[in-house]
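# Notes for the structure review
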Amino acid sequence: FRKSSNLNSTNAHGGVKKTNQIPKSHHHVATTMPSTAADPAPSHPSCPDPSSSLKPSTSFQFDTSSSFVAFLSGDDSSSSRGKKRKNENRRRWRGGGRGGGVVLVVVGLVCVVCFGGNWLMICRIGRGGGGLGEKIGTEKKDSIGAVVSKLKANVSWSGVGAESVEEDLPKIVKLRKPLKTPYGRLLAMAAHSLAEKQYKPEPRGLWEQPHNLASTWKPCSEQRDWPASEGNNGYIMVTANGGLNQQRVAICNAVAVARLLNATLVVPKFMYSSVWRDVSDIYQEEHFITYLRPDVRIVKELPRELQSLDLEAIGSVVRDDDTLKEAKPSFFRKYIKPLLLQNRVVHFIGFANRLAFDPIPFQLQRLRCRCNFHALQFVPKIQETGMLILQRMRQNSSQPGPLDQNLVGPYAKVSKDVKRPHAGKASRYLALHLRFEIDMVAHSLCEFGGGEEERRELEAYRQIHFPALTLINKSKKLATNLAFLFGELLQFSWYPPLNPVILLMSFLISHIEMGDSIAIFRLPSPAVLREEGLCPLAPEEAGLMLAALGFNRKTYIFLAGAQIYGGRSRLAALSNLYPNLVTKEDLLSPSEIAPFSNFSSQLATLDFIGCSAASAFAMTDSGSQLSALVSGYRIYYGGGEMMTIRPNKRRLANIFLKNSTIEWKIFEQRVRKAVRQTKQIHSRPLARSIYRHPCSKECMCHTE
């Protein structure tokens, strides 16, 4: 599919306008979460329901100016007493006489000694005195170099040779200040355990999916039991936003809605942005149109007579703000269908999570599965490069994996990397999706050992991308009449500009502590967040989990994900435990990865292929959409044999908190028990994603 036209234009190629013909959603979240959840997150149980109304008040008027923020700050007598105490402290320091001067002199001498000593140590390390930074750098380069040397011995890269990648390694290994980690003791015990067991068999069943429900389900969403749609009610256009996973969900939702409304679907386009700069094809258009022809009429562009329409002027542009999240089919029949019949064209922008998963008619739900698992196939360029990754991870084994045909099509049988046939099964490898990009780290409000520098970086990122979090974090006091004000605001919920304010106040009320004269609001501390399992797993925590499960030190690990926060130095602990840790950038030569390097969604397709085809897949955040789609793909095509690790972060957090006292044997037992319980596959729960949980009668057929 192709890039979207300029969304600021006013013709049928993509105008943007908010239409007032569709009721606004009251379910928007004030603190925007990065797109990681494949399923809708449950609302806070203690938040008041915004839909509940009170008696209208004609005397109340809401002021959205800065006076409202000042009102929430709670400027009362207690704050004035605090100012007096501050003024008294200032007078003591200013008028302290000789005593204050002596204190300042002593403090100054201590600072000079400390900073002087640190400066001498840094200079020694910079001159190559064998300091800690130099040792970490050497270990990191050796760990990556070991994998590259093995690949050079078995792989013949086209274009630029393997030597060029080795020359680029010093550029990749850019070290930051060594990070403090509370897991030094556990990491040492893990390294000792891996060294002892390096030549011993791994635990039984480590690479196997427990025999359960998944093995009794077989793919069958390609079966159809309805007539073809004529699509004569109009045309539906979709510009999908976000990354690869949001786009994929939006496309399949659009297919289902087009069938629901008996409309013709125009081949979806992807929204161009500063992050997702994908300007070329990702999926095969012809296969998409042909495969879904018995279900939905699909065309590549609007008819000529409709291309000149000013969609903005006629109100045919529907954004996510104009539709309910997880809307039922009745919503589209009631509000979208009349607009479609009137204007002949409706243009959805976004649309990733706009269609509910229940209640949905059986055949319509099956159509969504058919779109996701059968109709969306990557273009040959992506398939060929994805097969290179699989071949190199498997050490050039000529034996294809069970999902290769579905992922890379004709390239599953022949690869230019294969020099000699290998008997037996394909060499196995583990794929690890480490959701530790800066957006996830910043939004979590957790701390990861980077000290003051880390806090400043993450706070600066939050101010730009999550301003609501920054605003809440700075709000120390709320007025006692906050609850009364919230009740008054509920009466004005029909006014769209107030919706975010109402939702924000609902969130604040559920997190306040009442004092004598003021209500004090506090965000959970990083320690509390970590205890509750709300922090993303850091690389060293993922390494400890894999070591406790019993994966051998020589295990080949494919690391998926975008730029890890902290760079290579953040991965030092993980790569020291598992030196055969590689990314797609390590596996591909510069000339092979160059066509994808500036396009995030296309790079994500390579991660999708590498993770889906892996012998075992470990996720670190069950809410990640990439992990969710990969997990669903492995369930659908894996026949119950594609093992997936879905850790319970809260249970792991309780185990990690005992890092200073727990013994390694006990640590192993508790981690294995926690992970074993999450490896089981169950039927799709009500209202959960069909893409993540395909074990359902709409998507798969039960054989027993």
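Calculation rules
- The residue numbering used here restarts from 1 in each chain and proceeds along that chain's sequence as written.
- Only residues with pLDDT of at least 70 are given local features in this predicted model, and only at 80 or more are side-chain atom pairs given and counted; all residues enter the totals for whole chains, interfaces and linings.
- Note that the side-chain values use all heavy atoms of the structure and ignore hydrogens as well as water.
- Disulfide assignment relies on a single distance test, namely cysteine sulfur atoms paired within 2.5 Å.
- Strands here are runs of E lasting at least two residues and helices are runs of H or I lasting at least four, both read from the DSSP assignment and numbered beginning at the N terminus.
- Joining through side-chain atoms within 4.5 Å is the link that ties buried Ala, Val, Leu, Ile, Met, Phe, Trp, Tyr and Cys residues into a set, and such a set is a nonpolar core.
- Using a 1.4 Å probe on the protein chains alone, a residue whose accessible area is under 20% of its type maximum counts as buried, one over 50% counts as exposed, and one in between counts as partly exposed.
- Should any heavy atoms of two residues lie within 4.5 Å, those residues are considered in contact.
- For the charge count, each Lys or Arg is scored as positive and each Asp or Glu as negative, with His and the chain ends excluded.
- In what follows, salt bridge is the name for a side-chain nitrogen of Lys or Arg lying within 4 Å of a carboxyl oxygen of Asp or Glu.
- Pairs of N or O atoms within 3.5 Å make up the polar contacts considered here, provided that, within protein, one atom can donate a hydrogen while the other can accept it, and that residues adjacent in sequence are counted only when both atoms are side-chain atoms.
- Put simply, two rings from Phe, Tyr or Trp (the six-membered ring, in Trp's case) pair if the centres are within 6.5 Å, and we call them stacked under 30 degrees between planes, edge-to-face over 60, tilted for the rest.
- Charge-over-ring placement is defined geometrically: NZ (Lys) or CZ (Arg) within 6 Å of the ring centre, and within 35 degrees of the ring normal.
- Any two strands with at least two DSSP bridges between them are considered paired.
- Helix axes use the C-alpha atoms of the stretch in contact, all axes being lines fitted to C-alpha atoms, and the angles between their N-to-C directions lie in the range 0 to 180 degrees.

## Topic: the state of the cysteines
A full pass over the atoms with the stated rule returns 3 disulfides. Residue pairing for Cys446: its cysteine sulfur links by disulfide to Cys535, the two sulfurs lying 2.0 Å apart. Where Cys446 bonds to Cys535 through sulfur, the torsion about that S-S bond is close to -90°, and the disulfide is left-handed. Of this pair, Cys446 sits in the loop between α15 (438-444) and α16 (451-465) while Cys535 sits in the loop between α20 (526-531) and α21 (539-549), and the two are 89 residues apart along the sequence.

## Things to note about the nonpolar core
Core analysis: the largest hydrophobic core is formed by 95 residues, its most contacted members being Ile236, Leu265, Phe288 and Phe332. By residue number, the principal contributor to this core is helix α7 (residues 244-260), which donates 11 residues.

## Here we look at the environment of Ala250
Residue position: Ala250 is located in helix α7. The exposure class of Ala250 is buried, given its relative accessible area of 0%. Counting along the chain gives 99 residues from Ala250 to Ile349, while the straight-line C-alpha distance between them is 9.4 Å. When sequence neighbours within four positions are dropped, the list of residues in contact with Ala250 reads Ala240, Gly350, Phe351 and Ala352.

## As for the side chain of Arg634
Along the chain, Arg634 turns up in helix α27 (residues 625-638). Buried Arg634, no salt bridge; nearest opposite-charge side chain is Asp404, N-O distance 9.3 Å. In this structure the side chain of Arg634 is engaged in a polar contact, spanning 3.2 Å, whose partner is the backbone oxygen of Cys611. Within the structure, Arg634 has its side chain in polar contact with the side chain of Thr644 (distance 3.2 Å). Residues within four places of Arg634 in sequence aside, it is in contact with Leu403, Cys611, Ser612, Ala613, Ala614, Ser615, Ala616, Phe617, Met642, Met643 and Thr644.

## Topic: the packing of aromatic side chains
Counting across every chain of the model gives 19 aromatic pairs. For the pair Tyr283 and Phe378, a centre-to-centre distance of 5.5 Å together with 20° between the ring planes defines the contact as stacked. With Tyr283 in the loop between β5 (269-270) and α8 (285-291) and Phe378 in the loop between α12 (362-375) and α13 (380-393), the pair connects residues that are 95 residues apart, well separated along the chain. The class for Tyr283 is buried, based on a relative accessible area of 1%. On the numbers, 5.5 Å between centres and 90° between planes, the contact of Phe331 with Phe332 is edge-to-face. Classification of Phe332 by relative accessible area gives buried; the value is 0%. Grouping aromatic residues by their ring pairs yields a cluster made of Tyr283, Phe373, Phe378, Phe608, Tyr633, Tyr636 and Tyr637. The ring of Tyr291 has Arg224 sitting right over it, with the charged end atom 5.2 Å from the ring centre. Here the guanidinium or amino end of Arg259 rests over the ring plane of Trp226, the centre of that ring lying 3.7 Å away.

## Topic: the environment of Ala188
Its place among the elements puts Ala188 in helix α6 (residues 184-196). The exposure class assigned to Ala188 is partly exposed, which follows from its relative accessible area of 48%. Along the backbone, Ala188 and Leu577 are 389 residues apart, and their C-alpha atoms lie at a distance of 9.5 Å.

## Brief notes about the pattern of salt bridges
Summed over all chains, the structure comprises 23 salt bridges. Residue Glu592 is joined to Arg392 by a salt bridge in which the shortest nitrogen-to-oxygen separation is 2.9 Å. Residue Glu592 is located in helix α25 (residues 590-593), and its partner Arg392 is located in helix α13; the two are separated by 200 residues in the primary sequence. Using a relative accessible area of 1% as the deciding quantity, one classes Arg392 as buried. When the shortest N-O distance is used, the salt bridge between Arg455 and Glu447 registers 3.4 Å. By relative accessible area, which is 38% here, Arg455 ends up partly exposed. Here Glu447 falls in the partly exposed class, since its relative accessible area comes to 36%. Linked by salt bridges that have partners in common, Lys197, Glu668 and Arg672 make up one network.

## With respect to the pairing of strand β15 (residues 616-619)
Look at any regular strand and the pattern is simple: side chains alternate between the two faces of the sheet. Residue alternation in β15 divides its side chains into two sets, Ala616 and Ala618 and Phe617 and Met619, and both sets are buried. In the sheet, strand β9 (residues 430-433) pairs with β15 via 4 bridges, with the strands oriented parallel. If you follow Leu432 over to β15, its bridge partner there is Ala618. Pairing of β15 with strand β16 (residues 643-645), which is carried by 3 bridges, proceeds in the parallel orientation. In the sheet register, Phe617 faces β16, and the bridge partner there is Thr644.

## A word on the sheet that holds β15
In space, the 5 strands of this open sheet follow the order β14-β13-β9-β15-β16, with parallel pairing throughout. Two strands lie at the open edges of the sheet, namely β14 (581-582) and β16, each paired on one side alone. As judged from the 2 bridges shared by strand β13 (residues 557-560) and β14, these two strands associate in the parallel manner. Along β14, the bridge assignment pairs Ile557 with Leu581. In this fold α27 packs onto β9, β15 and β16, with an angle of close to 155° to the strand it touches most, β15.

## A word on unusual backbone geometry
That bond from Asp358 to Pro359 is cis: its omega, -5°, falls within 30 degrees of zero. By the secondary structure assignment, Pro359 is in the loop between β8 (345-349) and α12. The phi dihedral of Asn262 falls on the positive side, at around 55°, and the residue is not glycine. Inspection of the secondary structure assignment puts Asn262 in the loop between α7 and β4 (264-266). Note on Asn262: relative accessible area 23%, which makes it partly exposed.

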